[in-house]
Amino acid sequence: MSQTPASEAARRRTFAIISHPDAGKTTLTEHLLLLGGAIHAAGRVKARGEARRAKSDWMKIEQERGISVTSAVMTFEYQNAVFNLLDTPGHEDISEDTYRTLTAADSAVMVIDAAKGIEAQTRKLFEVCRLRDIPIMTFINKMDREARDPFELLDEISDQLQIETAPMLWPAGMGLNFKGVQNLRDGSFVPFNDGVPDAALKKKLADDVALARDGLPGFDLATYREGHLSPVYFGSALKNFGVAQLLGALAEFAPPPRQQAAIGRQVKPADEDVTGFVFKVQANMDPNHRDRVAFLRLASGRFRRNMKLKQSGTGKSIGIHNPILFFASERETVDEAWPGDIIGIPNHGVLRVGDTLSESGQVVFTGIPNFAPEILRRVRLSDPMKQKHLARALESLAEEGVTQLFKPQIGSQWIVGVVGALQLDVLKSRLVAEYGLEAELEASPYDSARWLAGSEAELEKFAAANRGGMAADRDGAPVFLAKSAWELGYVAEKFPQVKMLKTRERHEVHAES
């Protein structure tokens, strides 16, 4: 069969994994990759001694703490489907990177700890998925440990997340008495470690399955794809149990690439014009080279190596000579890619988060925002002679779109803004590991940052009256740094013609080299 954008897009499943920290997301990721043949041995997060590091966590701070703080992208094949797996940060402080990663996903897998149920970060990430109408499958993990009652867990998901649940596998026992799962679609029993339920457990399983079939919704493909129903799988990621059934369901039920919203139109995967958007930029994936890789989610057309694509905002034509597919920090050059695929484009700061690349130059995708940071810090170097080196390092890391950078009009010290405290630790760790810079992040006099929008005359009037709080962001856009919530309210009241924005669309940022 000849390859077309439509036929190849139909094979793609681009999905993200979301969970609270420690629910087992990284372990599940490892075993999905193992099933897809992308790796030959799964790591174990927080394993002892010389046990192999989790393959998808490549940054030094991730390996030390056993958490995911960047979004890795991994590509593999299974059952004639091509999967692009986005491993989102599990820590609550990395929400902005997670939000932008979810703009590149067509569906998600929510991982829940069977003993803990819905946790705070799960709820937050679920809400982000809901904002984008992303269909969600649920994997209830760690059934081989002591767990809560399955009906209680499903009720909690329905009540707290306001989504119907349709169990696809039902567990027989839990913890040391976990014997396997029954497939509710075909009635077959899948044993765990060759376990055989005794007569009492068999009866309980039969009763539970009958109650689940009568009392809970059955699986409906359309309702799932609309985001109103979540099919639920029980298993143990660490023991690689239930993972094959989950991956098979993603191949069978998860939606292929969706159409993407652009200014004035919707872009369909089957369109011939090659288009894509940059949802992430990662600096220094290879510590031996000061490289920057832009992650481009392809939205339409057949991409071929050495193509020239036009950049939104600048109209520059960019030759894509070494596009790469990812497996964590490992990479491989690709000759062609299709809608739904995520390719890496090595570049030297030309591409930014939110940029659109297209053959025609007529497309600008929307929906990738910057969020106002909640924590602002001054950066102070122990060696003032390295000030220029610091400026380059901060700009490079700010290009990734997670740490924000502000240059006050008065004073020489940079202000960095982050959404959560962990990002400050990540920033300090990376400045040392990747740039050899020992920097202190001191409390700044500012409490919050807002982008400013209004007519040129009004902005000039605003800036003249508020010199002490005026700054520019990484892209030169005007920003007001307020010392308190009271000051923010007072200034907003005094200048009603100037809008103070908590978010800013990335497509409004014109990338400059």
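Definitions and limits used
- Residues numbered from 1 in each chain as written.
- Predicted model: local features only at pLDDT ≥ 70, side-chain atom pairs only at ≥ 80, totals over all residues.
- Heavy atoms only, no water.
- Buried < 20%, exposed > 50% of the residue type's maximum accessible area, 1.4 Å probe, protein only.
- Helix = DSSP H or I, 4+ residues; strand = E, 2+ residues; numbered from the N terminus.
- Pairing = 2+ DSSP bridges.
- Axes fitted to C-alpha atoms, helices over the stretch in contact; angles between N-to-C directions.
- Parallel < 35°, antiparallel > 145°, perpendicular 65-115°, else oblique.
- Contact = heavy atoms within 4.5 Å.
- Nonpolar A, V, L, I, M, F, W, Y, C, P; charged D, E, K, R; others polar.
- Phe/Tyr/Trp six-rings, centres within 6.5 Å; stacked < 30°, edge-to-face > 60°.
- Lys NZ or Arg CZ within 6 Å of the ring centre and 35° of its normal.
- 1 Å grid on protein atoms, 1.4 Å probe; cavity = no way out; pocket = protein on both sides within 12 Å on 5 of 7 lines; lining within 4 Å.
- Points joined across faces, edges and corners; volume = space filled by probe spheres on them.
- pLDDT = per-residue confidence, 0-100.
- Expected span 1.5 Å × (residues − 1).
- Arc of directions from axis to C-beta.
- Salt bridge = Lys/Arg side-chain N within 4 Å of Asp/Glu carboxyl O.
- Core = buried A, V, L, I, M, F, W, Y, C linked by side-chain atoms within 4.5 Å.

Draft legend 1. Main features of the pairing of strand S21 (residues 342-347). Among the six residues in S21, five count as buried, and that is most of the element. Relative to S21, strand S14 (residues 292-300) runs antiparallel, the two sharing six bridges. Looking at S21, one finds that Val 293 is bridged to Pro 346.

Draft legend 2. Layout of the packing of helix H2 (residues 25-35) against helix H9 (residues 243-253). Between H2 and H9, the least distance of the axes is 10 Å, while the angle of their chain directions is 70°. In terms of axis orientation, H2 runs roughly perpendicular to H9. Contacts from Leu 28, His 31, Leu 32 and Leu 35 of H2 reach H9 at Val 243, Ala 244, Leu 246 and Leu 247. Each residue belonging to the contact of H2 with H9 can be placed in one class, and the counts come to seven nonpolar, one polar and no charged.

Draft legend 3. Broad picture of the packing of aromatic side chains. Summed over all chains, the structure comprises 14 aromatic pairs. Taking the centre distance of 5.6 Å and the plane angle of 65° together, the rings of Phe 277 and Phe 365 count as edge-to-face. Of the two residues, Phe 277 sits in strand S13 (residues 275-283) while Phe 365 sits in the loop between strand S22 (356-358) and strand S23 (369-371), which places them 88 residues apart along the sequence. Taking the centre distance of 5.1 Å and the plane angle of 10° together, the rings of Trp 486 and Tyr 490 count as stacked. Placement of both Trp 486 and Tyr 490 in helix H13 (residues 485-494) is noted, with a separation of four residues, approximately one turn of the helix. The class of Tyr 490 is partly exposed, set by a relative accessible area of 41%. One residue, Lys 407, lies across the ring of Trp 414, its end atom 5.5 Å from the ring centre.

Draft legend 4. Representation of empty space enclosed by the protein. Evaluation of the coordinates by the stated rule reveals three cavities of 30 Å³ or more. What the second largest cavity holds in volume is close to 120 Å³. What lines the second largest cavity is a set of 13 residues, among which Asn 370, Ala 398, Gln 404, Arg 474 and Arg 506 lie closest to the centre. In terms of residue class, the lining of the second largest cavity is built from three nonpolar, four polar and six charged.

Draft legend 5. A look at the confidence of the model for the protein. For the protein, per-residue confidence averages 85 on the pLDDT scale, and residues scoring 70 or more make up 87% of the total. Confidence scores differ between elements of the protein, with helix H3 (residues 60-65) showing the lowest mean pLDDT of 44 and strand S10 (residues 229-234) the highest of 98.

Draft legend 6. Region of the structure containing helix H7 (residues 199-215). For H7, spanning 17 residues, the distance from its first C-alpha to its last is 24 Å, which sits close to the expected 24 Å at 1.5 Å a residue. All buried positions along H7 are accounted for by Leu 201, Leu 205, Asp 208, Val 209 and Ala 212. In an axial view of H7, the angular spread of the buried residues amounts to 100°, which keeps them on one side of the axis. Facing away from the buried side of H7 by more than 90 degrees, the exposed set consists of Ala 199, Ala 200, Lys 203, Asp 214 and Gly 215. Packed against the buried residues of H7 are helix H6 (150-161), strand S6 (164-167), strand S7 (169-172), strand S8 (180-183) and strand S9 (189-191).

Draft legend 7. Representation of the pattern of salt bridges. Considering all chains together, one arrives at 21 salt bridges under this definition. In this structure, Asp 106 engages Arg 297 in a salt bridge whose closest nitrogen and oxygen atoms are separated by 3.1 Å. Taken together, the positions of Asp 106 in the loop between helix H4 (95-102) and strand S4 (107-113) and Arg 297 in strand S14 put the pair 191 residues apart, joining distant regions of the chain. Arg 297 shares its class with Asp 106; the two are buried. Between Arg 302 and Glu 336 there is a salt bridge, with the nearest N and O atoms lying 2.9 Å from each other.

Draft legend 8. A look at the environment of Leu 32. Relative to the elements of secondary structure, Leu 32 occurs in helix H2. On the basis of relative accessible area, Leu 32 is assigned to the buried category, the value being 0%. Separated by 205 residues in the primary sequence, Leu 32 and Ala 237 have C-alpha atoms spaced 9.1 Å apart. When near neighbours in sequence (up to four residues on either side) are disregarded, Leu 32 contacts Phe 15, Ile 17, Phe 76, Leu 85, Val 243 and Leu 247.

Draft legend 9. Focus on the nonpolar core. Core analysis: the largest hydrophobic core is formed by 104 residues, its most contacted members being Leu 28, Val 109 and Trp 170. With residues up to four places along the chain from it excluded, the contact list for Val 109 reads Phe 15, Ala 16, Ile 17, Ile 18, Leu 28, Met 137, Phe 139, Leu 246 and Leu 250. Membership of the second largest hydrophobic core comes to 20 residues, among which are Ile 375, Val 379, Val 418 and Tyr 435.

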